[in-house]
Every structure is written in C-alpha cells, then in structure tokens.
Amino acid sequence: IAMIECIDDPKGLRLKTIVTPERKLTWYCGHDYGELYDLKADPDERINRWAHADYATERAQLLARLLDATEPLEKRAKRVSYA
C-alpha cells in the first residue's frame, strides 16, 4: 500500500492518494469529486469509477483508510485550550 500527498499551494491543488494492489483512489481537498480506478480491471486507469454506485462502499473504505493514515501526520498549531 502506498500513500501519496501533494500540497502545491494551500489555495490551490491539494490531494491525497492511496494505492492498493486492486485500487487507486485520489481525493481532492475541497472538492466533491475524485478519482477511483480498479487496477485489476483497468490497469491503464482509463475509467474513473469515483461516481459509480458499484464502488461506493470501496470508495468510503479507502477514504477512511486514507484519513486514518494521514490525519496523525497533519501539522497542528499548539493551542492553550481545545474547548
């Protein structure tokens, strides 16, 4: 499994990608679209399955894995209170 992150500009391109042997998912910060490829059926990544209902569960699972893996790495400002 590979995780890829690109932060080009806080006001521009921001994305995170997770690649497994079967799937490749890219999430674009601030957008309701993304990319999801079935690497077994489509190794050349020609058919984006992000919006396909058949892949909705896998998309959610991959997004959760991506968040779980990258959230602890995000830089946080020190705060006096979290209330």
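Keep in mind that what you see is a predicted model, and the values were worked out from it rather than measured.

Peer 1: Sorry, what's going on with the packing of aromatic side chains here?
Peer 2: Aromatic ring pairs are reported here in terms of the distance separating the ring centres and the angle at which the planes meet. In this structure the tally under the stated criterion is one aromatic pair. Taking 5.7 Å as the distance between ring centres and 45° as the angle between the ring planes, the aromatic pair formed by tyrosine 28 and tyrosine 33 counts as tilted. The exposure class assigned to tyrosine 28 is buried, which follows from its relative accessible area of 15%. For tyrosine 33, a relative accessible area of 43% translates into the label partly exposed. One Lys or Arg, arginine 59, reaches over the ring of tryptophan 50 and ends 5.2 Å from the middle of that ring.

Peer 1: It is not clear to me how the pairing of strand 3 (residues 23-28) should be interpreted in this structure. Could you clarify?
Peer 2: Across a regular strand the side chains alternate sides, sitting on one face of the sheet and then on the other. Note that strand 2 (residues 14-19) and strand 3 share five bridges and pair antiparallel. Looking at the pairing, threonine 17 lines up with threonine 26 of strand 3. Here strand 2 hands over to strand 3 after three residues, the two strands then running antiparallel side by side. The pairing of strand 3 with strand 4 (residues 34-38) spans five bridges and is classified as antiparallel. Bridging across to strand 4, leucine 25 finds its partner in leucine 36. Linking two consecutive strands that pair antiparallel, namely strand 3 and strand 4, is a turn of five residues; a positive phi of about 80° is found at glycine 30 within it.

Peer 1: Any chance you could explain the pattern of salt bridges here in plain terms?
Peer 2: Side chains that differ in charge, positive against negative, can pair when their charged atoms come close. Taken as a whole and assessed by the stated rule, the structure comprises five salt bridges. Among the salt bridges present, the one from glutamate 45 reaches lysine 24, with a minimum N-O distance of 3.2 Å. Note that glutamate 45 is positioned in the loop between strand 4 and helix 1 (56-70) and lysine 24 in strand 3, a separation of 21 residues in sequence. Taking relative accessible area as the criterion, glutamate 45 reaches 28% and is therefore assigned partly exposed. Via salt bridges that share partners, Arg23, Asp38 and Glu58 belong to a single interconnected network.

Rules used throughout
Residues numbered from 1 in each chain as written. Predicted model: local features only at pLDDT ≥ 70, side-chain atom pairs only at ≥ 80, totals over all residues. Heavy atoms only, no water. Phe/Tyr/Trp six-rings, centres within 6.5 Å; stacked < 30°, edge-to-face > 60°. Buried < 20%, exposed > 50% of the residue type's maximum accessible area, 1.4 Å probe, protein only. Lys NZ or Arg CZ within 6 Å of the ring centre and 35° of its normal. Pairing = 2+ DSSP bridges. Helix = DSSP H or I, 4+ residues; strand = E, 2+ residues; numbered from the N terminus. Salt bridge = Lys/Arg side-chain N within 4 Å of Asp/Glu carboxyl O.

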